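Residues per chain are reported as follows:
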Amino acid sequence: MLQFVFHRLWQSAVTLVLVSLVVFAGVRALPGDPATAMAGEQADPATIAAVRTDLGLDRSLPVQYLDFAGHALHGDFGRSIRTGTPVGHMIRVTLPVTLELALYAVLIAVLVGVIGGVIAAAYRGRWPEWVVNGVSLVGLSVPTFWLGILAVLYLSVGLGLFPASGYVSPFEHPLRGLYFLTLPALILGVTHAAVVQRQTRSSMVETLTADFVRTARAKGLAPRTVILHYGLRNSLIVVTTVIGLQLGLLIAGTVVTERIFSLPGIGKLTLDSVFSRDYPVIQAVVLVIAASYIVINLLVDVLYTVIDPRVRVSGRAQ
């Protein structure tokens, strides 16, 4: 197991370095000059040159990257060009909002998706499977932004069941905080639940046709025991992978939902930074999101060793 974890750790470290290179190069490929944006369009060339020197943009790209990477390792991402606020502080304020929303949404996705997948696999070829598959197809087909707008119009403005916008920290006011996050989490969770449901069903259908499942049924075990203990448990490798990927996608893909519901998360921060060509913030945000994705995948790989003993024995994923 230790060999497996060490192998995944160095792979994650290499991936993070490559991601930092891509982020650094990609941000500098954006159109526009941050020094001009900061100094103002009407500023004279001398002022713009002074701002560029102050930001370190007059140095060579390798030197800029090494400076960026060295400071990032210590959690120092510089200051925002737009506001002058330390970027690390901006991320510490906005990232928890996105994580709370993503975790709430993935919890909804797991509950709805796994239950739907189990029902579809257990009633294969019958009407419950058709209903579940039809609902999941709708969830996959409807765009998140359109579903969010409809939810605000009908559930918030029309019926008054949920607040249309705003944020309250669940750590300060747990019930009120969850209440404000429920509607955006439902919008995100329903979409991703469709993916979890389809993968759960597919994996369980394959597992339920295996020889060991037929043997369990021949022994006279209850259908519920066969489905949950043998079918679902042996399908968890695929389901865990999908859930890990969905959590990573939720963290990176909350931009539209946060915009619709006016949540002060990292998605809104990303959009504002792109529009203002705020290099330090864009670099830091993308790097943090990429690091989160890598860490989530690393944790999923480690979970394999708990779910599937074969990984512990062989030291590698099957």
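A short tour of the structure in this document, coming up. (Residues numbered from 1 in each chain as written. Predicted model: local features only at pLDDT ≥ 70, side-chain atom pairs only at ≥ 80, totals over all residues. Heavy atoms only, no water.)

Glancing now at the overall build of the protein chain. Scanning the protein chain for helices and strands turns up 15 helices and zero strands. A burial count over the protein chain gives 41% of its 318 residues as buried. Across the protein chain, the fraction of contacts at a sequence separation of at least 24, relative to all contacts at a separation of at least 6, is 71%. Split by element, the accessible area of the protein chain, about 17,100 Å² in all, is 67% carbon and sulfur. (Helix = DSSP H or I, 4+ residues; strand = E, 2+ residues; numbered from the N terminus. Buried < 20%, exposed > 50% of the residue type's maximum accessible area, 1.4 Å probe, protein only. Contact = heavy atoms within 4.5 Å. Areas by Shrake-Rupley, 256 points an atom, 1.4 Å probe, with all protein chains shown as cover.)

Attention shifts here to the nonpolar core. Counting residues in each nonpolar core, the largest one holds 26 residues, and the members touching the most others are Phe77, Ile91 and Ile266. Sorting the residues of this core by element identifies helix H1 (2-28), helix H4 (61-73), helix H5 (87-122), helix H13 (266-275) and helix H14 (279-307) as the ones contributing at least two each. Here this core takes ten residues from H14, the largest share from any one element. Once residues within four sequence positions are removed from consideration, Ile266 is found in contact with Ile91, Thr94, Leu95, Thr98, Glu258, Val285 and Ile289. Grouped together as the second largest cluster of nonpolar side chains are 21 residues, Ala102, Ile108, Leu183 and Val300 included. (Core = buried A, V, L, I, M, F, W, Y, C linked by side-chain atoms within 4.5 Å.)

Okay, a nonpolar patch on the surface next. The grouping of Phe145, Trp146, Ile149, Leu153, Tyr154, Leu155, Leu159, Leu161 and Val256 at the surface amounts to a nonpolar patch, some 890 Å² of accessible area in total. Overall, the relative accessible area of 41% leaves Val256 in the partly exposed class. (Patch = residues over 30% accessible without salt bridge, like charges linked within 9 Å, V, L, I, M, F, W, Y side chains within 5 Å. Salt bridge = Lys/Arg side-chain N within 4 Å of Asp/Glu carboxyl O.)

This brings us to the environment of Glu258. Looking at the element boundaries, Glu258 is found in helix H12 (residues 255-260). Here Glu258 falls in the buried class, since its relative accessible area comes to 0%. Sequence separation between Glu258 and Leu101 is 157 residues; the distance between their C-alpha atoms is 9.1 Å. The contact partners of Glu258, leaving out residues within four places of it in the chain, are Thr98, Leu101, Leu263, Gly265, Ile266, Gly267 and Lys268. A distance of 2.7 Å separates a polar atom in the side chain of Glu258 from the backbone nitrogen of Gly267. A polar atom in the side chain of Glu258 sits 3.1 Å from the backbone nitrogen of Lys268. (Polar contact = N/O pair within 3.5 Å; in protein donor to acceptor, adjacent residues only side chain to side chain.)

Turning our eyes to something else, we now look at unusual backbone geometry. The backbone phi angle of Ser262 is positive, close to 55°, even though this residue is not glycine. Looking at the element boundaries, Ser262 is found in the loop between H12 and H13.

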